[in-house]
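This is what each chain is made of:
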Amino acid sequence: MSIDRSYQASFNENNQEFVIAGKLRPQSEDEMRPLAEALTNSLAQVRGTFYLNVKRLARLNNVAFRAITNLVSQVCDTRPELRIEVVTSSVMGWSTRKFLPLAERLPNVTVNEYDNDFYPGQSFLEEGGFIPILRNQTKLTWRHERHLLPRHGLKPGMTVADICCGIGDFAVLVQKELKPSHILALDHSRTSLDYARKVAAEFGIADIEYVYGDASEMVIEDNQFDFVTCRHSLQIFDRPELILKELYRICKPGGRVYITNEKNSHCLGEPRGESIQWTYTEVAKLFADFKMDVELGPKSRRYLADAGFEDILVDSFMVTNGDGDPQDFANMIQAWENVFAGEMARDRGDSPEFIARFRQGFQDQIYAALHPKGYAGWPIWAASARKPT
Amino acid sequence: MSGTKPLVEISMGIEAFASEWLHCDRISSYLARMVSHNRTDSLLYANLLSSALNELLETAFAHHGPEGNFSCRVSRLGDSDVIELDLPCDDMTLAFYRDAAQRLTQPDLAGIYHSALFSPGKPDPHLGLLEVAVDYRARIAIVAEKGNRLKLAAELTLEGAAA
Ligand SMILES: C[S@@+](CC[C@H](N)C(=O)[O-])C[C@H]1O[C@@H](n2cnc3c(N)ncnc32)[C@H](O)[C@@H]1O
């Protein structure tokens, strides 16, 4: 899983962005000439702000750094009106620190670690509040997924990647029960990863590697894994096709990508069905306001087909209060209410009246879940497909 | 160094090492990957270690004695890793590394590094060592040994440093 390829460079006129990715460790400045020319030409076409994107530049030596920064300095001298924004990523570890001094020297240059604003809902999902939600969810979905996963092609001995792994409990369950040879679990929340590592250490679980990364631009080689999972996460990105493209890339030809997603407006319960339905229709709208499509589940087939996969298999299942202890189901709903009707509704600026009615639907579903004759459900779509050989 | 546990070592003739620039990249990527798997975040750790190690190797590539053995070892010391380069040196290289060692003791090393980073013309030959000392907060020790040899050790604490 090393990054062992040389660099790629490209310029996109539409967003005035020059992207350098891969590895840049030349011996002499001469070797930098093609890149320097491309960079010079691109700079010449730009007015306003030029973006130098090094998010996926994994390796850079000083020969290359100096060639790039020399060029940037010259342009800054002759075109004081031009702004240059260097876009780095915390995933690489070194790049922000390396480029920051450039911004200190040149007034036209700024350095931005972009990770902070992937999409509008990011902060909700990466902060601690989501941990109880995820823990409860996985506990409940596992009863179904443990049977589904082999049907979708997961076999003992496979190499598995769980992208957007959250607190990592799914990886632990897969490791324990389905015996893959190795799991790489990636997420962009340090809080969740810390939690995941702690849990794995407590349970003495090796063979799961928890790594920090950005699912839309992973620092993982192509064609690495037999089985790539991404659960409840495509639905939280405003451009799920970008993530899917990455899942496709890291999957081995002939391997499978497995995704699960929801259709939140279809959460249900009886008694008090109407109030519950109203609230979950509002949940879908709330997420949509943060550019997340929690209605994605039934669209899985289309997304997988458009991404170039074959042999698409779509399953759906309903997590219900009858699956085990109804209290587990109730706890999950309560954790949802806390975040959706709490922080998220507040952030959107919802009125107290709205929030009260919004909360009521969750409480009604809890009522249905715990009612001796009640029924409460949460539908999930689990889909997988093969990467062509 | 006492208390350290050697993890991996690569050794070859200095002429072989210095015959091919790609060796720096290959060795730094390989060793970094080898020693990072049991760090908290293996990918991040390998990325950082490879970057620092590559700077040291590029320095040795350009500054070494004419013949003899070259080795690069990584050892573990708790949360730290120690990179040791062992290389042949002649009078000129000895002077080069002595200078480097002396500069590394200066106050405001960051200032020195940053002005070297952006200096016009030919790059400062100590740039890589300065970078490893400043950006990677390495403790660097340079010791001349008998038989015209030199040992360069860099102790790096990268675990937790990236977050
Ligand atoms: C709804 S959670 C699902 C987590 C887990 N798969 C589960 O089912 O419990 C979405 C996860 O995506 C992670 N995430 C958000 N943006 C990401 C990104 N750009 N790269 C990787 N992970 C990201 C969040 O930190 C969060 O853990």
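Residues numbered from 1 in each chain as written. Chains lettered and ligands numbered in written order. Predicted model: local features only at pLDDT ≥ 70, side-chain atom pairs only at ≥ 80, totals over all residues. Heavy atoms only, no water.

**What to know about the overall build of chain B**
Scanning chain B from terminus to terminus reveals six helices and five strands. What you see in chain B, going N to C, is helices and strands ordered as β-α-α-α-β-β-α-α-α-β-β. For 163 residues, the compact-globule estimate of 2.2 N^0.38 gives 15 Å, and the C-alpha radius of gyration of chain B, at 15 Å, lies within 12% of that figure. C-alpha atoms of chain B, sized along the principal axes, occupy 40 × 35 × 30 Å. Burial status across chain B gives 56% buried among its 163 residues. Excluding contacts between residues fewer than 6 apart, the proportion of contacts in chain B whose partners are at least 24 apart in sequence is 66%. (Helix = DSSP H or I, 4+ residues; strand = E, 2+ residues; numbered from the N terminus. Rg over C-alpha atoms; globule rule 2.2 N^0.38 Å. Buried < 20%, exposed > 50% of the residue type's maximum accessible area, 1.4 Å probe, protein only. Contact = heavy atoms within 4.5 Å.)

**Notes on the domain arrangement of chain A**
Residues and elements named next belong to chain A. Under the domain assignment, chain A is made up of domain 1 (7–114) and domain 2 (122–386). Using C-alpha coordinates to define each centre, domain 1 is positioned 37 Å away from domain 2. Residue-level contacts link six residues of domain 1 with eleven residues of domain 2. Summed over both partners, the interface of domain 1 with domain 2 buries about 660 Å², with 51% contributed by carbon and sulfur atoms. (Domains from an automatic or database assignment. Buried area = accessible area lost by both parts, 1.4 Å probe.)

**With respect to the pattern of salt bridges**
Tallying each qualifying case throughout the model produces 34 salt bridges over all chains. Between Arg25 of chain A and Asp25 of chain B there is a salt bridge, with its nearest N and O atoms 2.6 Å apart. Of the two residues, Arg25 of chain A is situated in the loop between strand E2 (17–24) and helix H1 (33–45) and Asp25 of chain B in helix H2 (residues 22–36); the pairing between them involves two chains. Taken individually, Arg25 of chain A and Asp25 of chain B each receive the classification buried, so the pair is uniform in this respect. (Salt bridge = Lys/Arg side-chain N within 4 Å of Asp/Glu carboxyl O.)

**Observations regarding the packing of aromatic side chains**
Each aromatic ring pair is described using two quantities: the centre-to-centre distance and the angle formed by the ring planes. In the structure shown here, the tally under the stated rule is 20 aromatic pairs over all chains. Ring plane angle 75 degrees and centroid distance 4.9 Å describe the contact between Tyr248 of chain A and Phe309 of chain A, whose orientation is recorded as edge-to-face. Linking Tyr248 of chain A in helix H8 (residues 240–250) with Phe309 of chain A in the loop between helix H10 (300–306) and strand E13 (310–320), this pair joins segments that are 61 residues apart in sequence. For the ring pair Trp336 of chain A and Trp378 of chain A, a centre distance of 5.2 Å and an interplane angle of 75 degrees mean the geometry is edge-to-face. Remark: Trp378 of chain A occurs in strand E14 (residues 375–386) and Trp336 of chain A occurs in helix H11 (residues 326–348); sequence separation between them is 42 residues. One exposure class covers both Trp336 of chain A and Trp378 of chain A, and it is buried. One aromatic cluster in this structure is built from Trp278, Tyr280, Phe287, Trp336, Phe340, Phe354, Phe358, Phe362 and Trp378 of chain A. It is Arg97 of chain A that lies over the ring of Tyr136 of chain B; its NZ or CZ is 5.5 Å from the centre. (Phe/Tyr/Trp six-rings, centres within 6.5 Å; stacked < 30°, edge-to-face > 60°. Lys NZ or Arg CZ within 6 Å of the ring centre and 35° of its normal.)

**Some points on the packing of helix H3 (residues 95–105) of chain A against helix H5 (residues 109–117) of chain B**
Pairs of packed helices are described in terms of their axes, by the angle between the two and the distance that separates them. The N-to-C vectors of H3 of chain A and H5 of chain B enclose an angle of 80 degrees; their axes lie 11 Å apart at closest approach. When the axis of H3 of chain A is compared with that of H5 of chain B, the two are roughly perpendicular. From H3 of chain A, Lys98, Pro101 and Arg105 of chain A reach across to H5 of chain B, where they touch Tyr113, His114, Ser115 and Leu117 of chain B. (Axes fitted to C-alpha atoms, helices over the stretch in contact; angles between N-to-C directions. Parallel < 35°, antiparallel > 145°, perpendicular 65-115°, else oblique.)

**Describing the packing of helix H5 (residues 131–151) of chain A against H11 of chain A**
Residues and elements named next belong to chain A. Running from N to C, H5 and H11 point in directions that differ by 150 degrees, and their axes come no closer than 9 Å. Taken as axis vectors, H5 and H11 run roughly antiparallel relative to one another. Where H5 crosses over H11, the handedness of that crossing is left-handed. Judged by residue contacts, Pro132, Ile133, Asn136, Gln137, Lys139 and Leu140 of H5 engage Asp328, Phe329, Asn331, Met332, Ala335, Trp336, Val339 and Phe340 from H11. Partitioned by chemical class, the residues of the contact of H5 with H11 number nine nonpolar, three polar and two charged. (Left-handed = near helix turned anticlockwise from the far one by under 90°. Nonpolar A, V, L, I, M, F, W, Y, C, P; charged D, E, K, R; others polar.)

**Examining unusual backbone geometry**
Residue and element names in this part refer to chain A. The omega torsion across Glu270 and Pro271 is 0 degrees, close enough to zero to call that bond cis. Along the chain, Pro271 falls in the loop between strand E12 (268–270) and helix H9 (273–289). The phi dihedral of Asn223 falls on the positive side, at around 55 degrees, and the residue is not glycine. Looking at where Asn223 falls in the secondary structure, it is placed in the loop between strand E9 (208–212) and strand E10 (225–231). You will see that Arg272, though not glycine, has its phi angle at about 70 degrees, which is positive. For Arg272, the position within the fold is in the loop between E12 and H9. Here Arg272 falls in the partly exposed class, since its relative accessible area comes to 39%.

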